[in-house]
Amino acid sequence: MIIPALTQLYDRLSQDPEVMEKGDLPTMGKSRQKISFRIILKPDGTLVSMDDIRAIDKPLGKKVAKPHSIPILVLGANKSSGSGLNPCFLWDNCGYLLGYKGVTEEKEKKRIREAFSSFRDKHLAVESSVNHPHFSAVCRFLEQWDPDLTPSLLPSPDLWISNGIFRITGEMHDVHEIPEIQKWWFHRGAEEWQGSKKEKAQGICLVSGKEEPLALLHEPAIKGIPGAQVSGAKIVSFNCASFTSYGKEQSLNAPVGENTAFSYCNALNYLLSHSQYNTRLGDTTVVFWADAPRETMDMEAFLFGSVTADKPLPPAVDRTTLDKISKITNLLRKGELSKSKLDDADVPFFILGISPNASRLFIRFWNQSTFGKLMENIQAHYRDISLARQWTEENSKHPDPELPKPYDILKETVRDAKEIPSLYSGVLMKSILFRLPYPDIIAQAIIRRCRIDKKINYIRCSFLKGWLYRKTNNHDLTTMQTINPDNHNIGYLLGRLFAIYVKTQEDALGHNLNRTIRDSYFSSMSAHPRSVLPTINKLYQHHLRLIKQNHGEGAKINREKLVQEIKSHMPDIPPAHLGLEQQAYFDLGFYHQMNDFFTSKDKEAS
């Protein structure tokens, strides 16, 4: 269903005047290319200038702004890969266009001269067929051009590896944009330019159900996926003889019409080129769209943090849309979101997760639902992981997020965000989008990080709470925002007990210690409590005496009452080992108890 949904998106976008006016969406026979320079010619083909037309965005902070190519719709498809000569029509890179790339080896120079000759000869071959004075001006320029003059007219080496186009001086449009030339190209020029090729295969398209020419390759290639090939990658492709079935080669194994392939590839490229419709989640690129006008699509971008009420607005998001986002975010925070409170509850909504895989793309997850159903699942996710925050706006300049994004959770599974395994993003998103149990593999990774770095923070414990709830269906967990004295789970009790021991040491000796009980015994206590509990009990008694000396008898009595209350619900002999679920309870109990020490009792009662 991915290809049909993207094809429908292309049809809808192609009917949007604003999209077509900007040239963001190519039509059949055109492609969107990054252009860096323009060659200005007189009507007789004499060179006027070579202009650098790269754009320079406003720099952020202290970063130095760098010029970058601008996307322009040109005639013809993307430049095909391969070792052969494949000149493009009225646009190409500097090697084909001007016969120069700044190379020094003789073998490479020869190759570039051959490329320029093929570009020149092919344009001269169709000059009489095009029959337009501006195209003839380009031909005259190519006939007399000396490639050695390029460095003096294009001084920037970056331009020597970039694409260029032509324009006649005094004209408002480039040569490839002239209506007569475009009419020639779409009428018969494209076939004439490509030359004699074997007849295209006809068949029934699996998507449209119509008989039409089938796409041997699904083009244009998908660009904008970090980690994939810069030239683009494919979702559907066959390149080995072992894939041949009943004599069907390449993509004829899964017949898709040329128009359908062109539509879904360009629709996906459109989503990837507009930041409000995509985001990163580990190594996965997530794109999302709605079966609705773009104004509705813009509103959905906040789901993964691309747009939030406290971030600058992307150009395509207006204030009305932001107000809708703020309204939904507030409902999510309060746990009051429902279909009846959504303006677009019945709008079909799509989410696609893609990861790079050499020259191909790997589908991590795919969700097709309505916006209302999706938001219900999102609401359930935030309800299940809800937890009292450790750092709030009242006690920190960097408070914990009320609604942690999926990427916030993934970052807690590894030491460095670059190390997030490819598998994690897909399984986590499936559990959120389809309201499934959270993956054990992520819970294991978070518990492992807790044992390694001894950091028991809000995001880690909120996920472990949600994981325990969906795994055990223990409804008591849904109300455990803060400490729950009535929870007598052995893991939870041991976590609370260890937190008291840690706080007692801090109160007795201060925070500036070379090595604390937390540093030395957290890992063992959370997994093998019987082996270390006697030792920690002795240390606790020593620290308790120091508390009496420093803070008085009352502080000692209150601490001892708390410890005895917890121990009254524990067996006389602690367990030798704690399983994964009990370790999660241990971390949650530790977090709740430590958080309780720093929570005002008046605020807690409120």
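Just above, that's the structure.
### Overview of the overall build of the protein chain
Thinking step 1. Assigned secondary structure in the protein chain consists of 22 helices and 13 strands.
Thinking step 2. The burial tally for the protein chain puts 49% of its 606 residues in the buried class.
Thinking step 3. Across the protein chain, the fraction of contacts at a sequence separation of at least 24, relative to all contacts at a separation of at least 6, is 67%.

### A few points about helix α9 (residues 258-273)
Thinking step 1. With 16 residues, α9 extends 22 Å from end C-alpha to end C-alpha; this agrees with the ideal 22 Å at 1.5 Å per step.
Thinking step 2. Among the 16 residues that make up α9, 13 are buried, leaving the element largely enclosed by the rest of the structure.

### Observations concerning the environment of A228
Thinking step 1. Take A228: it is sitting in the loop between β9 (211-213) and α9.
Thinking step 2. For A228, a relative accessible area of 15% puts it in the buried group.
Thinking step 3. It is 6.6 Å that separates the C-alpha atoms of A228 and N357, two residues lying 129 residues apart in sequence.

### Some thoughts on helix α16 (residues 458-472)
Thinking step 1. Helix length check: α16, at 15 residues, gives a terminal C-alpha distance of 21 Å against a target of 21 Å (1.5 Å per residue), a fit within 8%.
Thinking step 2. The N-terminus of α16 is capped by N457, whose side-chain oxygen sits 3.4 Å from the backbone nitrogen of I459.
Thinking step 3. Of the residues one or two after α16, N473 is the one with positive phi, at around 60°.

### What about the packing of aromatic side chains?
Thinking step 1. As enumerated under the stated definition, the model contains 21 aromatic pairs in all.
Thinking step 2. The interplanar angle of 70° and the centroid separation of 6.1 Å between the aromatic rings of F141 and F166 together place this pair among those described as edge-to-face. Placement of the pair is F141 in helix α6 (residues 133-144) and F166 in strand β7 (residues 163-168), with a sequence separation of 25 residues. Each member of the pair, F141 together with F166, is buried.
Thinking step 3. The ring of W193 carries K122 above its face, with NZ or CZ at 5.1 Å from the centroid.

### A closer look at unusual backbone geometry
Thinking step 1. Residues E219 and P220 are joined by a peptide bond in cis, for which omega reads 5°.
Thinking step 2. Along the chain, P220 turns up in the loop between β9 and α9.
Thinking step 3. A positive phi angle, near 60°, is found at R435, a position not held by glycine.
Thinking step 4. Residue placement: R435 occurs in the loop between α14 (422-433) and α15 (440-453).
Thinking step 5. Positive phi is not limited to glycine here, since N473 has a value of about 60°.
Thinking step 6. Among the structural elements, N473 can be located in the loop between α16 and α17 (490-509).
Thinking step 7. A residue is classified by how much of its surface remains accessible, and N473, at 49% relative accessible area, is partly exposed.

### A look at the nonpolar core
Thinking step 1. The biggest cluster of nonpolar side chains holds 77 residues, and the ones touching the most others in it are I351, L428, I442, F463, F498, M525 and F590.
Thinking step 2. It is α17 that contributes the most residues to this core, 9 residues altogether.
Thinking step 3. Those residues in contact with F463, other than ones at most four positions away along the chain, are I385, I409, L428, Y438, P439, I442, A443 and I446.
Thinking step 4. Membership of the second largest hydrophobic core comes to 35 residues, among which are V126, V138, L142 and I181.

### Comments concerning the pattern of salt bridges
Thinking step 1. Evaluation of the coordinates by the stated rule reveals 21 salt bridges.
Thinking step 2. The salt bridge partner of K503 is D507, with a shortest N-O separation of 2.7 Å. In this pair, K503 and D507 both sit in helix α17, 4 residues apart, roughly one turn of the helix.
Thinking step 3. D507 gets classed as partly exposed once you look at its relative accessible area, which sits at 23%.
Thinking step 4. Ionic pairing is found between D507 and R559, a salt bridge with its closest N-O pair at 3.0 Å. You can see D507 sitting in helix α17 and its partner R559 sitting in helix α20 (residues 553-567), a full 52 residues away along the chain.
Thinking step 5. Relative accessible area serves as the criterion here: at 13%, R559 is assigned to the buried category.

### With respect to the sheet that holds strand β13 (residues 360-370)
Thinking step 1. With antiparallel pairing, 4 strands are arranged side by side in an open sheet as β10-β11-β12-β13. With partners counted over all chains shown, the strands left at the sheet margins are β10 (278-281) and β13, one partner each. Averaged over all pairs of adjacent strands, the angle between their axes in this sheet comes to 20°, without regard to strand direction.
Thinking step 2. In the sheet, β10 pairs with strand β11 (residues 284-290) via 4 bridges, with the strands oriented antiparallel. Opposite T279, over in β11, you have V286 as the bridge partner.
Thinking step 3. Its contacts with the sheet place helix α1 (residues 2-13) against β11, β12 (348-357) and β13, and it is angled at close to 55° to β11.

### Examining the environment of N550
Thinking step 1. By secondary structure assignment, the location of N550 is in helix α19 (residues 529-551).
Thinking step 2. Owing to a relative accessible area of 47%, N550 belongs among the partly exposed residues under this scheme.
Thinking step 3. On a C-alpha basis, the gap between N550 and D507 in space is 8.7 Å, while along the polypeptide they are 43 residues apart.

### Considerations on the packing of α15 against helix α21 (residues 580-597)
For any two helices packed against each other, one specifies the inter-axial angle together with the distance between the axes.
Thinking step 1. Where α15 meets α21, the closest approach of the two axes is 11 Å, and the angle between their N-to-C directions is 55°. As far as their axial angle goes, α21 and α15 are oblique. As α15 packs across α21, the resulting crossing turns out to be left-handed. Residues Q444, I447, C450 and R451 of α15 touch α21, and the partners they reach there are L580, Q583, A584 and D587.
Thinking step 2. A class-by-class count of the residues in the contact of α15 with α21 yields 4 nonpolar, 2 polar and 2 charged.

Rules used in this analysis
Counting starts from 1 at the beginning of each chain's written sequence and moves along it residue by residue. pLDDT decides what is reported in this predicted model: residues at 70 or higher carry local features, side-chain atom pairs at 80 or more are listed and counted, and totals for whole chains, interfaces and linings draw on all residues regardless. Excluding hydrogens and water, the side-chain figures rest on all heavy atoms present in the structure. Only runs of H or I of at least four residues qualify as helices and only runs of E of at least two qualify as strands under DSSP, and these elements are numbered from the N terminus. Three labels apply to residues, based on accessible area from a 1.4 Å probe with only protein chains included: buried if under 20% of the type maximum, exposed if over 50%, partly exposed otherwise in between. Should any heavy atoms of two residues lie within 4.5 Å, those residues are counted as being in contact. A helix's residues, less one, multiplied by 1.5 Å, set its expected span. Contacts described as polar in this section are N or O atom pairs within 3.5 Å, which, within protein, must combine one atom able to donate a hydrogen with one able to accept it, while residues neighboring in sequence count only if both atoms come from side chains. In summary, the pairing rule links any two rings of Phe, Tyr or Trp, Trp by its six-membered ring, whose centres are within 6.5 Å, and it sorts them by plane angle into stacked for under 30 degrees, edge-to-face for over 60 and tilted for everything else. Placement of a positive charge over a ring is assigned whenever Lys NZ or Arg CZ falls within 6 Å of the ring centre and within 35 degrees of the normal to the ring plane. Buried Ala, Val, Leu, Ile, Met, Phe, Trp, Tyr and Cys residues that are joined via side-chain atoms within 4.5 Å together make up what is termed a nonpolar core. A pairing counts as a salt bridge when a side-chain nitrogen of Lys or Arg comes within 4 Å of a carboxyl oxygen of Asp or Glu. Between any two strands, pairing holds if DSSP finds at least two bridges. Every angle, taken between N-to-C directions, lies between 0 and 180 degrees, and every axis is a line fitted to C-alpha atoms, over only the stretch in contact when it is a helix. Under this scheme an angle from 65 to 115 degrees is roughly perpendicular, one under 35 degrees roughly parallel, and one over 145 degrees roughly antiparallel; angles in between are oblique. What makes a crossing left-handed is the near helix being turned counterclockwise from the far one by less than a right angle; a clockwise turn instead makes it right-handed. Gly is put with the polar residues, along with every residue not named as nonpolar or charged; the nonpolar set is Ala, Val, Leu, Ile, Met, Phe, Trp, Tyr, Cys and Pro, and the charged set is Asp, Glu, Lys and Arg.

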